[in-house]
Amino acid sequence: MGFTDEIARRRTFAIISHPDAGKTTLTEKLLLFGGAIHVAGAVKSNKIKKTATSDWMEIEKQRGISVATSVMGFNYADHKINILDTPGHQDFAEDTFRTLTAVDSVIIVVDCAKGVEVQTRRLMEVCRMRKTPVMIFVNKLDREGQDAFDLLDELEEELQIAVRPLSWPIGIGKTFKGVYNMYRSELNLFRPDKQLVTERITFDSLEDPELDKQISPALGQKLREDLELLSGVYPEFDLESYLAGELAPVFFGSALNNFGVKELLDCFIEIAPAPRPVQALERTVEPTEKDFSGFVFKIHANMDPNHRSCIAFVKVCSGRFERNSYYKHMRLDKQLRFSSPTAFMAQKKEILDEAYAGDIVGLPDTGNFKIGDTLTSGENLHFRGLPSFSPELFKYIENDDPMKQKQLQKGIDQLMGEGVAQLFTNQFNGRKIIGTVGQLQFEVIQYRLLHEYGASCKWQPLSLYKACWIESDKPQALEQFKKRKVQYMAYDIEGRDVFLADSAYVLQMARQDFPDIRFHFTSEF
């Protein structure tokens, strides 16, 4: 297979949603249809002592939620598919925002009973900002929920995007029998099975009398009427509008029972974009360029607890990545060689010899990488940095075991390098402050420090309003500000000056009193 063909057959996408919409279950079923796994782990079943393939961290298994993005690759119908399963919980939104910079398209999962929720709306804004093509999977049709037509109206209104159904549910809740594939004009019925893909029954025509026997005459009649109404209301599916991020195809189904998943997957590989051009600071980088380039969008510590290793996840933006070749690390300005780059199936990994634009490669990291770093074959390129947002909650982190100071320090350094939270060091008294987006992150940090590093920590309350990165063109003004606000000054992990305002009023007065100082609420400025 030629170089450009290899790139053209790749599909890299993220699955995003509100917590509990069934995102991780859908990921499992896509892997099941792709033959990457043979039995799905029921995510929250106590009878089956398995958990979702993509939720592999101990805390994820206990909570039944995803707290970190998982990367999984598999082959399906001559395509190489890379799935990034993201955390739905809003406390881990920053991980999801970063993941969206590394994908070419997105599947949004919506619960048919709850409809569009706050987090889904926020993630859609990020997709709209980046003009990322979006597909919507309306899940849990095997439970009682909203009418499908009402859901389509809600999706258009709440997500502010035109929609076009490409599959249609037959019944809902107890009467749910499967979905009609509008994209291919065919009907396949599966028997419900949570763990295996069952044989399908195929009908050539909606007028087939066997159809009414399988699903009931009433449901057969309703399906024919719904499809007639849909063709009158919605225009034909337009591929260009979808690729421009203006139109979202909608699929219905039940990920738990394998209904509607194959229809989604088959249509996805046909219409979803292959790797797209990526904008670097210097120029636009095309995926089909011969020279390799890529950037680090995520770092994960302790994927293998036995080796205390960090893995840097690199999105290949152009060309071909080869094992044992030298590549230039732009920030450090040095050549690095990687003898054991890995491909992933959640935390299971295997050595890969080459990867193409669109692929996600795991590189063992001994402290060389930071999120946003660029690697190239030699050209000076810098991909746009990945912002850290100003945290909303702050706590002092204290060592709870004097004998484990080194372990605690290493744990904090590695977890902060992952971007799970932000570390600030108070310039006045040297105390360490952790800033997060949500309360749950403090629990995750404490749990991982104890179970992965053997270090116990305790939290001390700290009331702060905002962390602001500050800069000025006048060194004197900056010095004066730092002297005046000495108790509220800190360094971030990069050693940059951060002002920790304890109230909105204090911040407002600081901006008024020091017009020469610029205040930033993301670390990218």
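Reading guide: rules and limits
- Residues numbered from 1 in each chain as written.
- Predicted model: local features only at pLDDT ≥ 70, side-chain atom pairs only at ≥ 80, totals over all residues.
- Heavy atoms only, no water.
- Helix = DSSP H or I, 4+ residues; strand = E, 2+ residues; numbered from the N terminus.
- Buried < 20%, exposed > 50% of the residue type's maximum accessible area, 1.4 Å probe, protein only.
- Phe/Tyr/Trp six-rings, centres within 6.5 Å; stacked < 30°, edge-to-face > 60°.
- Lys NZ or Arg CZ within 6 Å of the ring centre and 35° of its normal.
- Salt bridge = Lys/Arg side-chain N within 4 Å of Asp/Glu carboxyl O.
- Patch = residues over 30% accessible without salt bridge, like charges linked within 9 Å, V, L, I, M, F, W, Y side chains within 5 Å.
- Areas by Shrake-Rupley, 256 points an atom, 1.4 Å probe, with all protein chains shown as cover.
- Lys, Arg positive; Asp, Glu negative; His and termini not counted.
- Charge placed at Lys NZ, Arg CZ, Asp CG, Glu CD.
- Core = buried A, V, L, I, M, F, W, Y, C linked by side-chain atoms within 4.5 Å.
- Domains from an automatic or database assignment.
- Contact = heavy atoms within 4.5 Å.

(A) Representation of the overall build of the protein chain. For the protein chain, the count of helices and strands is 14 helices and 31 strands. Each of the 525 residues in the protein chain was classed as buried or not, and the buried ones make up 56%.

(B) Broad picture of the packing of aromatic side chains. Tallying each qualifying case throughout the model produces 21 aromatic pairs. Their ring planes at 70 degrees and their centres at 5.3 Å tell us that Trp168 and Phe252 sit as a pair that is edge-to-face. Highlighted residues: Trp168 in strand β7 (residues 167–170) and Phe252 in strand β11 (residues 247–252), separated in sequence by 84 residues. No difference in accessibility class separates Trp168 from Phe252, as the two residues are buried. When the ring of Phe394 is compared with that of Phe424, the centres are 6.4 Å apart and the planes differ by 40 degrees; the resulting orientation is tilted. Of this pair, Phe394 sits in strand β24 (residues 393–399) while Phe424 sits in strand β25 (residues 422–426), placing them 30 residues apart in sequence. Through a chain of ring-to-ring contacts, three or more aromatic side chains come together here, namely Phe292, Phe321, Tyr327, Phe338 and Phe369. Looking at Lys395, its charged tip hangs above the ring of Phe442, at a distance of 4.7 Å from the centre.

(C) Molecular detail of the pattern of salt bridges. By the definition in use, this model includes 30 salt bridges. Between Asp212 and Arg224 there is a salt bridge; the shortest N-O distance is 3.1 Å. Linking Asp212 in helix α7 (residues 209–215) with Arg224 in helix α8 (residues 217–233), this pair joins segments that are twelve residues apart in sequence. For Asp212, a relative accessible area of 22% puts it in the partly exposed group. Overall, Arg224 belongs to the buried group, its relative accessible area being 16%. Across the pair Arg283 and Glu289 runs a salt bridge whose closest N-O atoms are separated by 2.9 Å. Overlapping salt bridges bring together Glu6, Arg9, Arg10, Lys80 and Asp359 as one network.

(D) Representation of a negative patch on the surface in the model. Negative charge collects at one region of the surface, where Asp147, Asp150, Asp153, Glu156 and Glu157 lie side by side. One can find Glu157 in helix α6 (residues 148–159).

(E) Layout of the nonpolar core. Ranked by internal contacts, the top residues of the largest apolar core, which has 61 residues, are Val106, Ile136, Val138, Leu155, Val163, Trp168 and Phe252. It is α6 that provides the largest number of residues to this core, a total of six residues. In terms of domain composition, this core takes at least three residues from each of domain 1 (3–271) and domain 2 (278–376). Every residue in contact with Val163, bar those within four places of it in the chain, is listed here: Ile136, Leu152, Leu155, Glu156, Tyr234, Leu247, Ala248 and Val250. If you look at the next biggest cluster of nonpolar residues, it comprises 30 residues, including Tyr76, Ile83, Phe237 and Ala255.

So yeah, pure geometry; function would need other evidence.
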